[in-house]
Amino acid sequence: KLKELDLSFTEESVSAAGWGTFFVLLRNPNSALEKLDLSGNSIGDEHVASMLDALANMSSLKCLRLDDNPSITASGWRTLSNLLQHPNCSLEELYLEDDHYENDYINDDVVIAFAHALANNLRLKSLHLGDITNITSRGWSALANVLCNKSSINSIYTSNHALQLCSIPESDLPRDLVSSLQLNQNNIKFEVARQKIIWHHFSNGDNIQELLEMELQVMCHAIAWIGRDGTGFPLLYHLVRSMPALFDFDSQGKANGTGAKRQRICEKG
């Protein structure tokens, strides 16, 4: 079965009607295609919807190249972002970059649309946007937020831990976005979530009151979870300083037996 199809830079040899027919014929849920290269063509907005229908159920597709298709406008790119929300989408690499610098179609609104699409996407690792300069902090903030939504522990835990690359020089990206992209390179996603929670929710001892208000058995598990490696040591330091009696078993035990009780609970946990 065909695994790679390269139709890049066909120039004017494929008409608008030809692309429409191609995407209709491409609708095959039993396809084994893994890489589709459509870069350097005249594909336009009018083809994006039919392309979306063709690719939505192609669960084998891992890499899609649409770079250098200057006829696709911001509206077309936003429509394409819906592909990442489809449950059968298995894309790991997506190329949108455009060498036609007179075009500014990949803008904040496009990045925001892709950020929303990535909220529940667990597959895409690389989003190639090219060397573009018209994306402002509004667009980058939306992408950074979907990789690490800092509003709560749960929102961080359920953030996107898959995207690893934006093909933009790191010096041009916000620091928190670069940090999340780097953390996501760890294939152990549980550990990625743990590090994001420690670094962003409990940074510099922030929100430590949430730990102090936990039930003892839950707190013991949380302490073990935090102290698995050096990433959590600063947080443990703040925890000890905030509640030293929790770790002073001797004095507490002598005073009222509380220390011994806490120790037994932690040992059981």
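Everything discussed here concerns the structure shown above.
Residues numbered from 1 in each chain as written. Predicted model: local features only at pLDDT ≥ 70, side-chain atom pairs only at ≥ 80, totals over all residues. Heavy atoms only, no water.

Draft legend 1. Region of interest: the packing of aromatic side chains. For the coordinates displayed, the defined rule picks out three aromatic pairs. Ring plane angle 80 degrees and centroid distance 5.8 Å describe the contact between Trp-19 and Phe-22, whose orientation is recorded as edge-to-face. Here Trp-19 and its partner Phe-22 are both found in helix α1 (residues 16–25), three residues apart, which amounts to about one turn of the helix. Within the aromatic cluster, the residues linked to one another by ring pairs are Trp-19, Phe-22 and Phe-23. One cation-aromatic arrangement involves Arg-65 over Tyr-95; the distance from NZ or CZ to the ring centre is 3.9 Å. (Phe/Tyr/Trp six-rings, centres within 6.5 Å; stacked < 30°, edge-to-face > 60°. Helix = DSSP H or I, 4+ residues; strand = E, 2+ residues; numbered from the N terminus. Lys NZ or Arg CZ within 6 Å of the ring centre and 35° of its normal.)

Draft legend 2. Local environment of the environment of Gly-40. Residue placement: Gly-40 occurs in the loop between β2 (35–37) and α2 (45–56). Of the residues examined, Gly-40 reaches a relative accessible area of 10% and is grouped as buried. Expressed as a C-alpha distance, the spacing of Gly-40 and Leu-66, which sit 26 residues apart in the sequence, is 7.5 Å. (Buried < 20%, exposed > 50% of the residue type's maximum accessible area, 1.4 Å probe, protein only.)

Draft legend 3. Looking closely at the sheet that holds strand β3 (residues 63–65). Read from one edge of the open sheet, five strands run β1-β2-β3-β4-β5, paired in parallel fashion. Looking at the sheet topology across the chains shown, the edges are occupied by β1 (4–6) and β5 (126–128). Direction aside, the axes of adjacent strands within the sheet are offset by 5 degrees on average. Inspection of the sheet shows β1 paired to β2 by three bridges, in the parallel sense. Within β2, the residue paired with Glu-4 across the bridge is Lys-35. (Pairing = 2+ DSSP bridges. Axes fitted to C-alpha atoms, helices over the stretch in contact; angles between N-to-C directions.)

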